Structures are given as C-alpha cells and as structure tokens.
Amino acid sequence: MLEQIKSTAAFIQSKISIQPEIGIILGTGLGGLVKEITIKHSINYEDIPNFPVSTVEGHSGKLIFGELGGKNVVAMQGRFHYYEGYDMKQVTFPVRVMKCLGIQKLFVSNAAGGVNANFEIGDLMIINDHINMFPSNPLIGKNIPEWGPRFPDMSDVYDKNIIEKAKKIAAKNNINVQEGVYLGLSGPTFETPAEYKFIQIIGADAVGMSTVPEIIVARHMSIPCFAMSIITDLGVAGRIVKVTHEDVIEAAAKAEIKMTLIMKELIREL
Ligand code: HPA
C-alpha cells in the first residue's frame, strides 16, 4: 500500500509542474468549482497507476491541478464511493496520494439528505462534526506510524478557524449557511423514514454516502479539514418524498454557485 501510494505520487509529480497546497474533493453534482480553477494539468483517473476508476453518473473522474483563489490546488473531480464496491483503503487512496503531493489542507463537498427540521432543500451546511456509520473504518489494519498514530484523536476533526472564516465569507455575501453534524453511511439505498428518524435522533443534521472515510484518513495525517454539504433532499417526518439520483444532482447544481463562492474566497483568505 505504502509503495503503491509513493509510486502513484511519483508518477503524478512527473506530470505536473506545480506543488499543490490545498486538496479539494468535489461531491456529486458539485464539479462546477473546477470552472473557477485556472487549470495547468488535468489527468484522467484511468491514466493514473493504482488509482481506482469512478463509475457513478455525475462524476467525470479527473485529477485537476491549477490555481484557485491565488493558491495552487489539486481537485478530485469525482470521488470513490464505498457503495461502488471499493474498499475503504481504495476510497481513501487519493487522500494519501494528495498528502504525498504536499497538500496542507483538505476541502471536501458532498450532497446530503437533511434530517434537521429547520433545513430546506438547497441549503448549505458547514460540517462541524461527523458520525461514522460506515460498516468499516479506513484505518483498520496495520498502522503506518509515519502517517499518524494507531489511535487518532477525533475530538477536533473540522478546523474551527476555517469554519469561522467560512461563516464570515457567507455573511458578507448574504449566503445563508447551516452548520451541523454529517452522518456517513454506505448506501447505495437512500434511507427509509424510520432510518431518517433514527439518524436525527442519534444527533445528525444531514446524511450521505461519502466524506467520512476521506476525512478520517486526512485527520490521521493531521491535515486540517473543511467540509460542506448541499442539502439535496429532506428526511424530515411529514416532508419526505421519493428521491432519485437525478433529483440529488439537480438540487446540488442549483446550490453549488453559493458553495463555489465560499470555497474560492476561503482558499484566497487562507
Ligand atoms: N441519504 C443519503 N445520501 C444522500 C442523500 C440522502 O438522503 N441525499 C444525497 N445523498
């Protein structure tokens, strides 16, 4: 695993002329941030040795290097989901590679179902904590001490300074943001009404099928993290309607302009 990661990073380094400072993982329907990047290099996942290949609609599967908000960034357009059949090590492989490439911060976006009764479809939620309900954890197995500790602290996962800056940027631009707990689970089924209720009762505000594995691995390596959800559907009693992947993509696309602005300004200010 360690050798694979190092050789993948070496391959990428041989193809690029910039040193990325910030890593970005773009969620379902949220690839629009890429339009704001002054692209220097773009590498398809299938051309990267050892990289899994994304299969889900709404993801185009590219690693993009360029400048955003005056900083060098690497953005994953399309991520690897556990429900696609990848194991947790594959899902989080690109995060290890981005660390080898030198990233010092990780920004993550996703589409999520809202279970907080104050939420509306199209809301943005800054993630301030998470609950891992995936059936596994990406750190299971032999620990590599040069990456991080066997038992990593999780008391302070989402960087408070970055969250404060994001809230200020949102206020300045008249963008309403929610803040809350993201619960990550495997999917690929959306939740039953009883499951949404359970998720809300145990302390989450939103639920989705990503983000938690990547964030755990980033925090294992002490990378400061910032993550945001777009609420694409509601799992709130009395307001639950049937939801499709297309609905999620459509709702994400509508709200992504606001998210893009916050992410871009945040990167500029860091
Ligand atoms: N549940 C799980 N994942 C999701 C949802 C949801 O309601 N919406 C978008 N991703």
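Everything below is about the structure shown above.
Everything numeric in this text was worked out from a predicted model, so none of it was measured. (Residues numbered from 1 in each chain as written. Predicted model: local features only at pLDDT ≥ 70, side-chain atom pairs only at ≥ 80, totals over all residues. Heavy atoms only, no water.)

**Some details on the site of the ligand**
Surveying the vicinity of the ligand reveals the residues A111, A112, G113, F190, E191, Y196, V207, G208, M209, T232, D233 and V248. G113 has a polar backbone atom sitting 3.3 Å from a nitrogen atom of the ligand. In the model, an oxygen atom of the ligand is placed 2.7 Å from a nitrogen or oxygen of the Y196 side chain. Contact with the protein chains hides 96% of the accessible area of the ligand, taken as 260 Å² for the molecule alone. Residue assignment for the shell around the ligand shows that the elements contributing at least two residues are β5 (105-114), β8 (206-208) and β9 (225-234). Among the elements that take part in the shell around the ligand, β5 stands out by supplying three residues, more than any other. (Near = heavy atom within 4 Å. Polar contact = N/O pair within 3.5 Å; in protein donor to acceptor, adjacent residues only side chain to side chain. Areas by Shrake-Rupley, 256 points an atom, 1.4 Å probe, with all protein chains shown as cover. Helix = DSSP H or I, 4+ residues; strand = E, 2+ residues; numbered from the N terminus.)

**A few points about the side chain of E214**
Here E214 lies in helix α5 (residues 212-220). On the accessibility criterion, E214 (2% relative accessible area) is buried. Within the structure, E214 has its side chain in polar contact with the side chain of R79 (distance 2.7 Å). Looking at E214, its side chain comes within polar contact range of the main-chain nitrogen of T211, at 3.0 Å. Those residues in contact with E214 that lie beyond four places of it in its chain are I25, R79, V91, T92, V95 and L106. (Buried < 20%, exposed > 50% of the residue type's maximum accessible area, 1.4 Å probe, protein only. Contact = heavy atoms within 4.5 Å.)

**Examining the nonpolar core**
Counting 80 residues, the largest nonpolar core has I12, I24, L63, F65, L106, F107 and F226 as its most contacted members. Among residues more than four places away in sequence, those in contact with F107 are I22, G23, I24, I25, I162, F226, M263, L266, I267 and L270. Counting nine residues, the second-largest nonpolar core is a separate cluster that includes L183, I199, A204 and M209. (Core = buried A, V, L, I, M, F, W, Y, C linked by side-chain atoms within 4.5 Å.)

**Section: the pattern of salt bridges**
This model, assessed by the stated rule, comprises nine salt bridges. A salt bridge links E250 to K254; its shortest N-O distance comes to 3.6 Å. Linking E250 with K254, this pair stays in helix α6 (residues 245-269), spanning four residues, or about one helical turn. The class for E250 is partly exposed, based on a relative accessible area of 48%. (Salt bridge = Lys/Arg side-chain N within 4 Å of Asp/Glu carboxyl O.)

**Digging into α6**
Between the first and last C-alpha of α6 there are 34 Å, a value that for 25 residues agrees with the 36 Å anticipated at 1.5 Å per step. At A255, α6 is deflected by roughly 45 degrees, the largest bend along its length. (Expected span 1.5 Å × (residues − 1). Bend = angle between axes of the 7 residues up to and from the residue.)

**What about the pairing of strand β4 (residues 71-77)?**
Across the seven residues that make up β4, a large majority, six, are buried. In this structure, strand β1 (residues 22-26) lies alongside β4, joined through five bridges in parallel fashion. Its bridge partner being in β4, I25 is matched across the sheet by M76. Summarising the sheet, strand β3 (residues 62-68) and β4 pair through seven bridges and their orientation is antiparallel. Within β4, the position partnered with E67 by the bridge is N72. The turn linking β3 back onto β4 is made up of two residues, and G69 within it adopts a positive phi angle of 55 degrees. (Pairing = 2+ DSSP bridges.)

**Considering the side chain of D205**
Checked against the element boundaries, D205 lands in the loop between α4 (193-201) and β8. We note that D205 is buried and unpaired, the nearest opposite charge coming from R239 at a distance of 12 Å. A polar contact of 2.9 Å, which involves the side chain of D205, links it to the side chain of N116. A polar side-chain atom of D205 sits 2.8 Å from the main-chain amide nitrogen of V181. (Lys, Arg positive; Asp, Glu negative; His and termini not counted.)

**Things to note about a nonpolar patch on the surface**
A surface patch of nonpolar side chains, about 370 Å² in accessible area, is lined by M133, F198, I201 and I202. On the accessibility criterion, M133 (34% relative accessible area) is partly exposed. (Patch = residues over 30% accessible without salt bridge, like charges linked within 9 Å, V, L, I, M, F, W, Y side chains within 5 Å.)

**Some remarks on the packing of aromatic side chains**
The geometry of two aromatic rings is summed up by the distance between their centres and the angle between their planes. This structure, assessed with the given rule, holds seven aromatic pairs. With a centroid separation of 6.0 Å and 80 degrees between ring planes, the pair formed by F51 and F93 is classed as edge-to-face. Placement of the pair is F51 in the loop between β2 (38-44) and β3 and F93 in helix α2 (residues 88-100), with a sequence separation of 42 residues. Ring geometry for Y82 against F134: centres 6.0 Å apart, planes inclined by 90 degrees, an arrangement best described as edge-to-face. (Phe/Tyr/Trp six-rings, centres within 6.5 Å; stacked < 30°, edge-to-face > 60°.)

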